[in-house]
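Single-letter residue listing:
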Amino acid sequence: LESIVSTILTKYLGDYVEGLDSKNLELSVSSGDVVLKSLSLKKSALKDLELPIIVKEGSLGQLTMKIPWSNLGSEAAVVRVSEVFLLCEPRERSAGSAREEEERAFSSKQGRLQLAQVLGLDQPEEKEEKKKDDTEENQGWGEQIAMKIVDNMQIFIDKIHIRYEDSQSVPGKPLAFGVTLDHIHVQSTDYQWKPAFLSVGQALMHKLVTLDHFGVYFNTGSSECAQPLKYDNIQDLRTKMEALIRTKDNLPGNHYLIEPISE
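For clarity, every value in this text was computed on a predicted model and none was experimentally measured.

Draft legend 1. Molecular detail of the overall build of the protein. Within the protein, the secondary structure is distributed over five helices and seven strands. Ordered by position from N to C terminus, the α and β elements of the protein give α-α-β-β-β-α-α-β-β-β-α-β. Buried residues in the protein amount to 36% of all 263 residues. Considering only intrachain contacts with a sequence separation of at least 6, the fraction spanning at least 24 residues in the protein is 68%.

Draft legend 2. Geometry of a nonpolar patch on the surface. On the surface, Phe177, Phe218, Leu257, Ile258 and Ile261 cluster together into a nonpolar patch covering about 400 Å² of accessible area. At three residues, the largest contribution of residues to the nonpolar patch is made by strand β7 (residues 256–261). Along the chain, the position of Phe218 falls in strand β6 (residues 206–220).

Draft legend 3. The side chain of Asp166, seen in detail. Residue placement: Asp166 occurs in strand β4 (residues 154–166). Among buried Asp, Glu, Lys and Arg side chains, Asp166 stands out as unpaired, with Lys56 the closest opposite charge at 11 Å. A distance of 2.9 Å separates a polar side-chain atom of Asp166 from the backbone nitrogen of Gln168. In terms of polar contacts, Asp166 uses its side chain to reach the side chain of Ser169, at 2.4 Å. Non-local contacts of Asp166, meaning those with residues more than four positions away in its chain, are made with Pro90, Lys173, Pro174 and Leu175.

Draft legend 4. Expanded view of the environment of Phe218. Residue Phe218 is classed as partly exposed on the basis of its relative accessible area of 31%. Along the sequence, Phe218 and Phe177 sit 41 residues apart, while their C-alpha atoms lie 4.5 Å from each other. Those residues in contact with Phe218 that sit more than four places away from it in its chain are Leu175, Ala176, Phe177, His255 and Leu257.

Draft legend 5. Here's a closer look at the pairing of strand β5 (residues 175–189). Pairing of β4 with β5, which is carried by eleven bridges, proceeds in the antiparallel orientation. What sits directly across from Glu165, in β5, is Ala176.

Draft legend 6. Fine view of the sheet that holds strand β2 (residues 53–66). Here seven strands make up an open sheet; going across it, the order is β1-β2-β3-β4-β5-β6-β7 and the pairing mixed. In this open sheet, the two edge strands, each paired with only one partner strand, are β1 (33–40) and β7. Between one strand axis and the next, the sheet turns through 15° on average, direction left out of account. Contacts between helix α5 (residues 234–243) and the sheet are confined to β1, β2, β3 (78–90) and β4, with β3 contributing the most and set at about 100° to the helix.

Draft legend 7. Seen up close, the side chain of His161. Secondary-structure assignment places His161 in strand β4. Reaching out from His161, the side chain makes a polar contact with the side chain of Tyr217 at a distance of 2.7 Å. Not counting residues within four places of it along the chain, the set of residues in contact with His161 comprises Val84, Phe85, Leu86, Val179, Thr180, Tyr217, Met241, Leu244 and Ile245.

Draft legend 8. Main features of the packing of aromatic side chains. Under the defined criterion, the tally for this structure stands at two aromatic pairs. Plain terms: the ring middles of Tyr217 and Tyr256 are 6.5 Å apart, the flat faces sit at 90° to each other, and that makes the pair edge-to-face. With a gap of 39 residues between them, Tyr217 in strand β6 and Tyr256 in strand β7 connect regions that are remote in the sequence. Using a relative accessible area of 0% as the deciding quantity, one classes Tyr217 as buried. Sitting above the plane of the Phe156 ring, Arg80 keeps its charged end 4.2 Å from the centroid.

Draft legend 9. Focus on the environment of Ala45. Positionally, Ala45 belongs in the loop between β1 and β2. By relative accessible area, which is 9% here, Ala45 ends up buried. Not counting residues within four places of it along the chain, the set of residues in contact with Ala45 comprises Asp15, Tyr16 and Val55.

Draft legend 10. Just the nonpolar core, in detail. With 27 residues, the main nonpolar core has Leu60 and Cys88 as its most contacted residues. Elements with a contribution of two residues or more to this core: β1, β2, β3 and β4. Not counting residues within four places of it along the chain, the set of residues in contact with Cys88 comprises Leu46, Ile53, Ile54, Val55, Lys56, Ile162, Arg163, Tyr164 and Glu165. Within the second largest apolar cluster, eight residues are counted, among which are Phe85, Leu87, Leu229 and Leu244.

Here is what the cut-offs are and how they apply
- Residues numbered from 1 in each chain as written.
- Predicted model: local features only at pLDDT ≥ 70, side-chain atom pairs only at ≥ 80, totals over all residues.
- Heavy atoms only, no water.
- Helix = DSSP H or I, 4+ residues; strand = E, 2+ residues; numbered from the N terminus.
- Buried < 20%, exposed > 50% of the residue type's maximum accessible area, 1.4 Å probe, protein only.
- Contact = heavy atoms within 4.5 Å.
- Patch = residues over 30% accessible without salt bridge, like charges linked within 9 Å, V, L, I, M, F, W, Y side chains within 5 Å.
- Areas by Shrake-Rupley, 256 points an atom, 1.4 Å probe, with all protein chains shown as cover.
- Salt bridge = Lys/Arg side-chain N within 4 Å of Asp/Glu carboxyl O.
- Lys, Arg positive; Asp, Glu negative; His and termini not counted.
- Polar contact = N/O pair within 3.5 Å; in protein donor to acceptor, adjacent residues only side chain to side chain.
- Pairing = 2+ DSSP bridges.
- Axes fitted to C-alpha atoms, helices over the stretch in contact; angles between N-to-C directions.
- Phe/Tyr/Trp six-rings, centres within 6.5 Å; stacked < 30°, edge-to-face > 60°.
- Lys NZ or Arg CZ within 6 Å of the ring centre and 35° of its normal.
- Core = buried A, V, L, I, M, F, W, Y, C linked by side-chain atoms within 4.5 Å.

Interpretation in functional terms is not warranted from these geometric data alone.
Dropping the structure here:
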């Protein structure tokens, strides 16, 4: 299980986060705690959306994953993500774009093959029957544990701001489009909507989602919030990006397409 979890984290986080060390990550998963701090996000973090934009700057303040290996039958895994900031700008088309797309597709295929190897999905057909006889019992146990982890996982995401700036398309009329979120929490609950641990195969699952100040803004013209952000370093950018997130105590001057909502 440790190997599978670390490989999945490396595969999917590796598409977005710079400098992940798969060996250190596996050791962290084995100990039950994964803590990643002050990470840079890749310029290609949004490539799967196939939008004509790139990440100019991106940072992840902290990602924490706590896996209670000794109490998986009664204690939930917890994932906490905070301070995800992406500053985007228009993508410039170049002669190398087609080659870059081919390289990204090849890299994605390699990642899927590596994941298949860890999960044992790359075995030849003639070995499948023997493999089934040897591992059927372990697979059944592993699948139940995996289902229990997923069904009971608690997810806490705080402080997200994705901002797109464009001061070139219409000279003299900059624009800034952004999505902000103060926090979203997802927890498994009982039928009375109180946090609870769910058993495998439970007919009905309840998930409580708490959403706080999710908003979408579109700033144009000469307003200060439409101007490209000026910053000296990544920490300065983080401070300015967080200052543009609406909270109960912070009211930035954004023009909202979707007024910040809380549920």
